[in-house]
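Here is how the chains run, residue by residue.
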Amino acid sequence: EPEVTQTPSHQVTQMGQEVILRCVPISNHLYFYWYRQILGQKVEFLVSFYNNEISEKSEIFDDQFSVERPDGSNFTLKIRSTKLEDSAMYFCASSEQDGDQPQHFGDGTRLSIL
Amino acid sequence: GENVEQHPSTLSVQEGDSAVIKCTYSDSASNYFPWYKQELGKGPQLIIDIRSNVGEKKDQRIAVTLNKTAKHFSLHITETQPEDSAVYFCAAILNTGNQFYFGTGTSLTVIP
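Quantities reported herein were computed from a predicted structural model and do not represent experimental measurements.

The rules behind each value
- Per chain, residues are indexed from 1 in the order of the written sequence.
- Chain letters and ligand numbers both follow the written order, the letters beginning at A and the numbers at 1.
- For a predicted model such as this one, the threshold for reporting local features is a pLDDT of at least 70, and the threshold for listing and counting side-chain atom pairs is 80 or more; totals across whole chains, interfaces and linings nevertheless cover every residue.
- No hydrogens and no water enter the side-chain calculation; it runs on all heavy atoms of the structure.
- Each salt bridge in this description consists of a side-chain nitrogen of Lys or Arg and a carboxyl oxygen of Asp or Glu lying within 4 Å of one another.
- Numbering of helices and strands starts at the N terminus; helices are DSSP runs of H or I of at least 4 residues and strands are runs of E of at least 2.
- The buried label applies to any residue whose accessible area, calculated with a 1.4 Å probe on protein chains only, is under 20% of its type's maximum; exposed applies above 50%, and partly exposed to all values in between.
- By definition, disulfides here are pairs of cysteine sulfur atoms that lie within 2.5 Å.

A. Representation of the pattern of salt bridges in the model. For the structure on display, the rule yields six salt bridges over all chains. Here B:Lys42 makes a salt bridge to A:Asp107, at a shortest N to O gap of 4.0 Å. With B:Lys42 in the loop between strand S4 (30-38) and strand S5 (45-51) and A:Asp107 in the loop between strand S10 (104-105) and strand S11 (109-113), the pair connects residues from two separate chains. On the accessibility criterion, A:Asp107 (31% relative accessible area) is partly exposed.

B. Quick look at the state of the cysteines. The final tally for this structure, using the stated rule, is two disulfides over all chains. One disulfide in the model links A:Cys23 with A:Cys92; its S-S distance is 2.0 Å. Its S-S torsion of approximately -65 degrees makes the covalent link between A:Cys23 and A:Cys92 left-handed. Remark: A:Cys92 occurs in strand S9 (residues 88-95) and A:Cys23 occurs in strand S3 (residues 19-24); sequence separation between them is 69 residues. Of the residues examined, A:Cys23 reaches a relative accessible area of 1% and is grouped as buried. Note on A:Cys92: relative accessible area 0%, which makes it buried. One disulfide bridge connects B:Cys23 with B:Cys90, the sulfur atoms lying 1.9 Å from each other. The sign of the -95 degrees torsion about the S-S bond sets the B:Cys23-B:Cys90 disulfide as left-handed. Note that B:Cys23 is positioned in strand S3 (residues 19-25) and B:Cys90 in strand S9 (residues 86-94), a separation of 67 residues in sequence. Look at B:Cys90 and you get buried, because its relative accessible area is 0%.

Keep in mind these values describe shape, not function.
This is the structure:
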């Protein structure tokens, strides 16, 4: 069964550095998402992306964050000037259509900021 | 935005018994309600979903019910097995957007 893959599984970075989290969505999916889960808290929406544009973003997704689809298969989340509070599990998801459709999640990248 | 509450936070059942997890939502514009199972070290896996025009949906041992008037939906797992042990998340999406609003999760333990 097709699946969303994320790399790396664990990323350790010094505070203030930039990180790029990578995702390969399911190949025939058109809508892509990033969520994060701080330890012990809810899974929170960050951003959705369609047709090379951000279609929706949350208050969390400020100027520190950016997303890109650099080629036909990858979807990336860049976090600039990382802070301690950016430590979390970051999940990528994709779906065939938007709205009331299932989103399929990857296994996540655990980001640890030191 | 939407607010999804989930109960209980932990649940232990004997193998073979049923498990019920409940969620409430706040915005009547929500129209799609998926349930995800998350095993240790893995991402959330969709196990069942329901749309707002349906009151109940069943898939083998798993069922979901939706009460739009009361704004709550529930996951029912019958004949539980040890491999059902995991964290379960409910979610809701507004009919105007793409983001899922998740509950806080329920850690289910099935005791052999």
